[in-house]
Amino acid sequence: MKILVVGGAGYVGSHTVKLLLAEGHDVWVYDNLSRGHRESVPAGRLIEGNLSDRSLLMQVMRDKEIEAVMHFAAYALVGESMQHPAIYYQNNVSATLDLLEAMRAAGVWRFVFSSTTATYGQPEKIPIAESTPQNPINPYGFTKLVIEHALSDYARAYGFGVAALRYFNAAGAADDGTIGEDHDPESHIIPIVLQVALGQREYISVFGEDYPTSDGTCVRDYIHVNDLGSAHLAALKLLAPGSNLQMNLGTGQGTSVMEVIQACRKVTGHPIPTKVGPRRDGDPACLIADSSLAQKTLNWKPKYTSIETIVETAWRWHQSHPRGYAT
């Protein structure tokens with residue numbers, strides 16, 4: 001299939017591109033490189049452009065005879081969305097609607113969307129199923145929810161086949177260490193902990209140790225980027241005109257902050273000092289996915305279920321690329 005991966009130079013997008021190419025698909029990456037990396041895209045596969053450039057998108061889809069679009073080009077920092085909501089509404093909502101309209105003009109109707117657990121806000125029940133009320137508590141989560149609603153309307157009114165896949169905590173790197181996680185600023189716990197092992201930080205900050213969890217630190221569901229990519233491919237294969245899939249992607253297993261640090265210590269052999277500070281506002285104690293719907297519907301199952309295995313893939317990348325793609 002001829003697939004346009006929007007935001008394919010970013011973290012999850014680039015790993016999905018790698019999987020799609022391995023499966024024999026004809027893949028093109030559309031990215032403005034504002035937060036992605038040219039080095040993560042296979043040679044000759046990158047088209048530089050803005051998400052809001054409807055005419056260029058339409059031209060690319062027609063010229064490359066695109067049959068499906070995967071969308072990873074969202075801004076995804078909760079804190080930034082609180083400080084600068086305007087850029088989140090512009091990019092995550094307005095520009096995404098430009099993308100959908102370009103697809104409609106070009107006659108492309110298959111669309112797989114990277115959504116987020118942030119659409120649920122702070123749920124009262126764990127694990128989180130798709131029936132959980134969606135009450136986002138920040139602009140990032142709200143912008144994703146707006147597009148989920150838009151996709152439902154596009155499926156009903158225009159016959160789009162859509163899938164909204166709600167990620168839990170993406171983690172890890174390609175098994176061969178060729179691509180991985182490189183954000184600026186870095187906000188994900190595993191690369192931050194590994195920066196301590198690399199000597200780039202003196203310690204890792206632990207925000208709160210008095211949560212109602214087994215060791216007092218926050219618990220999250222960490223899912224490997226390759227598992228996210230394989231779920232996108234499985235969802236794409238199921239899309240039919242008018243279909244509307246909405247489901248969680250996680251392992252169903254919770255790992256605490258201290259358990260992540262212990263896994264990093266074991267994998268790297270580094271003591272990784274910690275410094276405990278107060279809780280951060282808005283951090284729920286526990287977020288774990290009920291991904292049974294995705295496993296049943298997509299005939300999909302996460303392969304990377306051990307936090308140590310996930311950390312091993314990340315460590316392989318960070319050792320060979322201690323400064324990320326700048327190396």
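Here we summarise the structure given alongside this text.

Rules of the game
- Residues numbered from 1 in each chain as written.
- Predicted model: local features only at pLDDT ≥ 70, side-chain atom pairs only at ≥ 80, totals over all residues.
- Heavy atoms only, no water.
- Phe/Tyr/Trp six-rings, centres within 6.5 Å; stacked < 30°, edge-to-face > 60°.
- Helix = DSSP H or I, 4+ residues; strand = E, 2+ residues; numbered from the N terminus.
- Buried < 20%, exposed > 50% of the residue type's maximum accessible area, 1.4 Å probe, protein only.
- Pairing = 2+ DSSP bridges.
- Axes fitted to C-alpha atoms, helices over the stretch in contact; angles between N-to-C directions.
- Contact = heavy atoms within 4.5 Å.
- Right-handed = clockwise from strand over helix to strand, strands pointing away.

1. Comments concerning the packing of aromatic side chains
For step 1, the next point in the chain: Scanning all chains against the criterion turns up six aromatic pairs.
For step 2, the next point in the chain: Taking 5.0 Å as the distance between ring centres and 75° as the angle between the ring planes, the aromatic pair formed by Tyr154 and Tyr158 counts as edge-to-face. Here Tyr154 pairs with Tyr158, and both are found in helix H5 (residues 139–158), just four residues apart, close to one helical turn.
For step 3, the next point in the chain: For Tyr158, a relative accessible area of 42% translates into the label partly exposed.

2. Examining the sheet that holds strand S14 (residues 286–287)
For step 1, the next point in the chain: Read across the sheet, three strands follow the order S12-S9-S14 without closing on themselves; strand pairing throughout is mixed. One side of each edge strand has no neighbouring strand; the edge strands of this open sheet are strand S12 (255–256) and S14.
For step 2, the next point in the chain: The pairing of strand S9 (residues 219–220) with S12 spans two bridges and is antiparallel. Following the sheet pairing, Arg220 is matched in S12 by Thr255.

3. Digging into the sheet that holds strand S5 (residues 110–116)
Strand pairing in a sheet relies on backbone hydrogen bonds, with the paired strands running either antiparallel or parallel.
For step 1, the next point in the chain: If you trace the seven strands from one edge of the open sheet to the other, you get S3-S2-S1-S4-S5-S6-S11, paired in parallel fashion. Two strands bound the open sheet, and with one partner strand each, they are strand S3 (46–48) and strand S11 (244–249). Geometrically, the sheet is characterised by an average inter-axis angle of 20° between neighbouring strands, direction not taken into account.
For step 2, the next point in the chain: Taken together, the five bridges between strand S1 (residues 2–6) and strand S2 (residues 26–31) define a ladder with parallel strand orientation. Bridge pairing in S2 links Val6 to Tyr30.
For step 3, the next point in the chain: Its contacts with the sheet put H5 on S5, strand S6 (161–167) and S11, and the angle it makes with S5 is roughly 155°.

4. Let's talk about the pairing of S5
In the case of a regular strand, side chains alternate between the two sheet surfaces.
For step 1, the next point in the chain: S5 sits mainly inside the fold: seven of its seven residues count as buried.
For step 2, the next point in the chain: On S5, burial covers both faces: Arg110, Val112, Ser114 and Thr116 on one face and Phe111, Phe113 and Ser115 on the other are all buried.
For step 3, the next point in the chain: With four bridges connecting them, strand S4 (residues 68–71) and S5 associate as parallel partners. Bridge assignment links Ala68 to a residue of S5, and that residue is Arg110.
For step 4, the next point in the chain: Here seven bridges tie S5 to S6, and the two strands are oriented parallel to one another. Its bridge partner being in S6, Phe111 is matched across the sheet by Val162.
For step 5, the next point in the chain: Following the chain from S5 across H5 to the adjacent parallel S6, one finds a crossover that is right-handed.

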